[in-house]
Amino acid sequence: DDDEEEGGSLAVAVVGMSGVLPDARSTAEFWSLLVAGKDAVREIPWERFDVGEYFDADKDAAGNRIYASEGGFIADAEAFDHHFFDISAAEAALIDPQQRLLLDTGTAALFDAGHTKASLQERAVGVYCGVGSPDFRDLSAKADGAIGAFSATGSALCICANRISYALGLKGPSVALDTACSSALTALSLGHQALRSRSCDAALAAGVNLLLAPTTFVATCKARMLSPTGRCRTFDAAADGYVRGEGVGAVVLVRAADVAAGGRVL
C-alpha cells in the first residue's frame, strides 16, 4: 500500500507469520512443498470419519453418500499443549480444534514477530480470524454426554479470536468472521483497515479450516461441486469440480512507519 496520509505512510509490513498446511507443519515446509511441486491431496483419513460408510462412486447414489473421498488434510489436528495456555485438560477436550489451532498458530506468529507472552500483555493488538466450519459443534451435539461447562465457549466460532486475545492479554479489537472461502482474506483486509484507522498498533490476521465431519462432503457431492478425480483444474477444459482442504495460517501486520530500523516492533 503506497498511499500516504498527512503525517506519514500507510504502508503495512508483515513482521511475523506461522502456519500449518497439508504435508507442511510450518510456513518454511510449505514453501519447500511448493518449490518441489508436491501434491498433498490424499484419501480422507480415518480419524476424520469412516469414508467407507459414506462412499459410493455413483454420483446419483441415493442417501447421504459421497463420490469424492480425497482432500488436503493436516496431520495431528488434535494436538494441543493446554498447559502452555493455562487451560485445563477438561476444558481443552471441549474446545473446537479450530480454536486450538488458531491459538497455537496466532501465538507462534506473534512470537515470530519477536515477542513473548509477557511482552504481549496489554498490547494494542487487534485479532481478526476467518473461520466458518461448524463441524465440531455438530459432532458435539450428536455425541452422548459431550455437553459440559465449557461446551458453549468451546464450540462458538466467535471465541476463535477472543481466546487468542484473552490468553495473551491483548487489548485491541477481537473479531471472528465468516465470509465463506474469502474469510481469511477478509480478516487480512480488516486488519489492514484497523491499522490505517489506528484502531490498533498491530493486527493479527488469521484463518482456519478443518474437515471433521461428513456433512459438508455429502452436501457438496449432492450439488456435484467436488472433483471425483480429486484434483482442482481451474480454468482447464478437464475441470470436474474442486477439492476440499484444511489449514491454518496467521500473519502479524504493523504500519511500516512504526517498524524501527533493523528491528521488529508492535
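Above this text you will find the structure in question.
Here we summarise the structure given alongside this text. (Residues numbered from 1 in each chain as written. Predicted model: local features only at pLDDT ≥ 70, side-chain atom pairs only at ≥ 80, totals over all residues. Heavy atoms only, no water.)

## A look at the sheet that holds strand 6 (residues 125–130)
Heads up, the rule is: Any two strands between which DSSP finds at least two bridges are classified as paired. Runs of H or I in DSSP of at least four residues are treated as helices and runs of E of at least two as strands, each being numbered from the N terminus. Under this scheme, a helix contributes an axis fitted over its contacting stretch, all axes are lines through C-alpha atoms, and angles between N-to-C directions fall in the 0 to 180 degree range. Contacts were defined at the residue level, with two residues in contact if any of their heavy atoms lie within 4.5 Å.
The strand order 3-9-8-6-7 describes an open sheet built from five strands, whose pairing is mixed. Every other strand in the sheet has two partners, leaving strand 3 (12–20) and strand 7 (174–177) as the edge strands with one partner each. In this sheet, neighbouring strand axes are inclined to one another by 15° on average, regardless of whether the strands run parallel or antiparallel. Packing against the sheet, helix 8 (residues 159–168) makes contact with strand 6, strand 7 and strand 8 (202–209), and its axis sits at approximately 150° to strand 6.

## Focus on empty space enclosed by the protein
Inclusion rule: Site definitions follow a grid-based scheme: protein atoms alone, a 1 Å grid, a 1.4 Å probe that fits but cannot get out for cavities, and for pockets an open set with protein on both sides within 12 Å along at least five of seven lines, plus lining residues having an atom within 4 Å of a point. Grid points are joined across faces, edges and corners, and a volume is the space filled by probe spheres set on the points. All residues other than Ala, Val, Leu, Ile, Met, Phe, Trp, Tyr, Cys, Pro, Asp, Glu, Lys and Arg, Gly among them, are scored as polar; the first ten of these are nonpolar and the last four charged.
In total, this model carries one cavity of 30 Å³ or more according to the counting rule given. The volume enclosed by the largest cavity comes to roughly 40 Å³. Residue lining of the largest cavity: A68, S69, E70, L226, S227, G230, Y242, V243 and R244, and that is the complete set. Among the residues making up the lining of the largest cavity, the classes are represented as four nonpolar, three polar and two charged.

## A few points about the packing of helix 4 (residues 97–112) against helix 8
A pair of packed helices can be characterised by two numbers: the angle between their axes and the separation between those axes. Put simply, the rule reads: By the definition adopted for this analysis, an angle is roughly parallel if under 35 degrees, roughly antiparallel if over 145, roughly perpendicular if from 65 to 115, and oblique otherwise. Two helices cross in a left-handed way if the nearer one is turned anticlockwise from the farther one by less than a right angle. They cross in a right-handed way if the turn is clockwise.
Two elements in contact, helix 4 and helix 8, have axes separated by 9 Å at closest approach and are oriented at 45°. Comparing their axes, helix 8 and helix 4 come out oblique. Here helix 4 and helix 8 pass one another in a crossing that is right-handed. Here Q99, L102, L103, T107 and L110 of helix 4 lie close against helix 8, whose contacting residues are I159, C160, R163, I164, A167 and L168.

## Examining the side chain of R255
To be explicit about the condition: Think of it in three bands: residues with accessible area under 20% of the maximum for their type are buried, residues over 50% are exposed, and the middle band is partly exposed, with areas taken using a 1.4 Å probe on protein chains only. N or O atoms closer than or at 3.5 Å make up a polar contact, with two conditions inside protein: a donor-capable atom paired with an acceptor-capable one, and, for residues adjacent in sequence, both atoms drawn from side chains.
Tracing the sequence through the fold places R255 in strand 9 (residues 247–255). R255 sits in the buried class, given a relative accessible area of 6%. Side-chain polar atoms of R255 contact the backbone oxygen of C200, separated by 3.1 Å. Those residues in contact with R255 that sit more than four places away from it in its chain are A11, L195, R198, C200 and D201.

## Some details on helix 4
Test applied: Helix span, as expected, comes to 1.5 Å for every residue beyond the first.
Across its 16 residues, helix 4 extends 22 Å between first and last C-alpha, which sits within 8% of the 22 Å expected from 1.5 Å per residue. A large share of helix 4 lies buried, amounting to 12 of its 16 residues. Turning to helix 4, its buried residues number three or more, namely P97, Q98, Q99, R100, L101, L102, L103, T105, G106, T107, A109 and L110.

## Digging into unusual backbone geometry
Trans peptide bonds make up most of the peptide bonds, and negative phi angles are found at most residues other than glycine. Residues other than glycine seldom take positive phi values, yet D86 does so here, at roughly 55°. Along the chain, D86 falls in the loop between strand 5 (70–72) and helix 3 (89–92). The phi angle at F235 is positive, at roughly 65°, despite the residue not being glycine. Here F235 lies in the loop between helix 10 (215–222) and strand 9. Classification of F235 as exposed rests on a relative accessible area of 86%.

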